[in-house]
Amino acid sequence: MQGLLCLTLLATPVPLMSSDEPPPAALRSDTARFVAVNVEFTLLHEMGHLLIAELGLPVLGREEDAADQLGFISLFLSSGRQRDAGFYAKLLDVADYWRLEWQRPKPASEEVYVWGSHGLDAQRFYNLACLIYGSDPDRLEWVPKVTGLPVERALYCDQEYAQVRKALAWVELQHGRRPGEADGHVIRVVYEPTSLRSGQYLLEQLRRSGEVEAIARRASETYRLPRDLVLRLANCGAPDAWYSRTGAELVLCYERLEHFQTLAAQLPDLRQAKAPARCALCASP
Ligand SMILES: [Zn+2]
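Okay, so let's go over this structure. (Residues numbered from 1 in each chain as written. Predicted model: local features only at pLDDT ≥ 70, side-chain atom pairs only at ≥ 80, totals over all residues. Heavy atoms only, no water.)

**Section: the overall build of the protein**
Scanning the protein from terminus to terminus reveals 13 helices and four strands. Relative to its full complement of 285 residues, the protein shows a buried share of 46%. Partitioning the contacts of the protein with sequence separation of at least 6, the portion at a separation of at least 24 is 72%. (Helix = DSSP H or I, 4+ residues; strand = E, 2+ residues; numbered from the N terminus. Buried < 20%, exposed > 50% of the residue type's maximum accessible area, 1.4 Å probe, protein only. Contact = heavy atoms within 4.5 Å.)

What follows is the structure, encoded as structure tokens:
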């Protein structure tokens, strides 16, 4: 099937895109924005695991990929119709987090191995870049350009985005709360005391934003959860996050905020550097 489509493409000139320049705000580095949106994506990724387990969702393929897809589409749709430069800046921050992880030298204990349950950092970066581009290819020709998403992948990203959007619609249809339905189970947010140093300010900002509570509330109001659950923020000794079925909770470690802050400092260099691979669709002069 792919071969057939490729032949069709070779015979058809690639249409001239009208939007091959990124909005300047999308490439501007902003530490607070980078930390906030990556906290949000982390929570929504873990919420993906939570929904898979609590609602008994069928999963074809790797659960970690499904959780990334659920996280992405939830983040994407949470902004409503406001698809401005700030919106795309946030999506790019999420993809670029994985590009930074990909390029970060790691100790063996943090290495992602090919036999592991997670995709490689580079794969998660390209998967997210593909979903961003695929959400509106005609308007987002700059996305392959700045991310280096190769044409071989970019060609099918609209289909990948449509698959993910369809999957979420199915989940909402099967497991969504009906209008007027009696109050159901909720996800309660708990902030443990923290011993953060440099991340204390970030945590205060996060609490003030109400972002964590909004994510918990949205999930509680959207889905018919089978039991009450907890979203816990705590010190764990590592920049981690997880969902625990036995503990009936989703945990975000405070250390992850500091980790995002550290990586955000490398963002300007990353974006000034050449894209990781050449994008054949983007024949810029
Ligand atoms: Zn995961």
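**Here we look at the pairing of strand β3 (residues 241-244)**
Direction of pairing for β3 relative to strand β4 (residues 249-253): antiparallel, over a ladder of four bridges. When the bridges of β4 are listed, Ser244 appears paired with Glu249. (Pairing = 2+ DSSP bridges.)

**Observations concerning the sheet that holds strand β1 (residues 187-191)**
The four strands lie next to each other as β1-β2-β4-β3, forming an open sheet whose pairing is mixed. Edge positions in the sheet fall to β1 and β3, since each of these pairs with one other strand and no more. The average undirected angle you get between the axes of adjacent strands in this sheet is 15°. The sheet strands contacting helix α3 (residues 31-54) are β1, β2 (229-234), β3 and β4, and the helix crosses β3 at an angle near 20°. Packed onto the sheet, helix α12 (residues 254-264) meets β1, β2, β3 and β4 and runs at close to 45° relative to β4. (Axes fitted to C-alpha atoms, helices over the stretch in contact; angles between N-to-C directions.)

**What about the pattern of salt bridges?**
Scanning the model with the defined rule gives 17 salt bridges in all. Note that Asp96 is salt-bridged to Arg271, the shortest N-O span being 2.8 Å. Of this pair, Asp96 sits in helix α5 (residues 85-103) while Arg271 sits in helix α13 (residues 267-272), and the two are 175 residues apart along the sequence. The same class applies to Asp96 as to Arg271, namely buried. Through salt bridges that share partners, Arg33, Asp93, Asp96, Arg99 and Arg271 make up one connected network. (Salt bridge = Lys/Arg side-chain N within 4 Å of Asp/Glu carboxyl O.)

**Description of the coordination of the zinc ion**
Around the zinc ion, the protein contributes the donor atoms His45 (NE2), His49 (NE2) and Glu64 (OE), which lie 2.0 to 2.1 Å from the metal centre. Here the donor residues of the zinc ion share one chain and are spaced in sequence as H-x3-H-x14-E. Remark: His49 and His45 occur in helix α3; sequence separation between them is four residues, near one turn of the helix. Each member of the pair, His45 as well as His49, is classed as buried. (Donors = N, O, S within 2.8 Å, 3.2 Å for Na, K, Ca; no water.)

**Side note on helix α9 (residues 157-175)**
In this model, α9 (19 residues) spans 27 Å end to end at C-alpha, consistent with the 27 Å of a helix rising 1.5 Å per residue. As for α9, its buried residues are in contact with α4 (63-78), α6 (121-134), α8 (151-154) and α11 (211-222). (Expected span 1.5 Å × (residues − 1).)

**A short note on unusual backbone geometry**
A positive phi angle, near 50°, is found at Ala248, a position not held by glycine. Turning to its location among the elements, Ala248 is positioned in the loop between β3 and β4.

**With respect to the nonpolar core**
Leu50, Phe72, Ile187 and Leu231 are the most contacted members of the largest nonpolar core, which totals 76 residues. Excluding anything up to four places from it in sequence, Leu50 contacts Leu55, Ile187, Leu225, Leu229, Tyr243 and Leu250. (Core = buried A, V, L, I, M, F, W, Y, C linked by side-chain atoms within 4.5 Å.)

**Let's talk about the packing of helix α10 (residues 200-209) against α12**
It is at 9 Å that the axes of α10 and α12 come closest, and there the two elements cross at 110°. On the basis of the axis angle, α10 is roughly perpendicular to α12. Of the residues in α12, those in contact with Leu202, Leu203 and Leu206 of α10 are Tyr254, Leu257 and Gln261. (Parallel < 35°, antiparallel > 145°, perpendicular 65-115°, else oblique.)

**Regarding the state of the cysteines**
Disulfide: a covalent bond formed between the sulfur atoms of two cysteine residues. Going through the model one piece at a time under the given rule, you end up with two disulfides. Disulfide pairing is shown between Cys130 and Cys157; the S-S distance is 2.0 Å. Here the S-S torsion is close to -120°, and the disulfide linking Cys130 with Cys157 is therefore left-handed. Taken together, the residues span a long stretch of sequence, with Cys130 in helix α6 and Cys157 in helix α9 at a distance of 27 residues. You'll find Cys130 and Cys157 in the same group, each marked buried. One disulfide bridge connects Cys236 with Cys253, the sulfur atoms lying 2.0 Å from each other. Taking the torsion about the S-S bond as the criterion, the Cys236 to Cys253 disulfide, at about -105°, is left-handed. Linking Cys236 in the loop between β2 and β3 with Cys253 in strand β4, this pair joins segments that are 17 residues apart in sequence. A relative accessible area of 32% means that Cys236 is categorised as partly exposed. By relative accessible area, Cys253 is classed as buried at 0%. Of note for the protein: the bonded cysteines, numbered N- to C-terminal, pair according to 1-2, 3-4. (Disulfide = S-S within 2.5 Å.)

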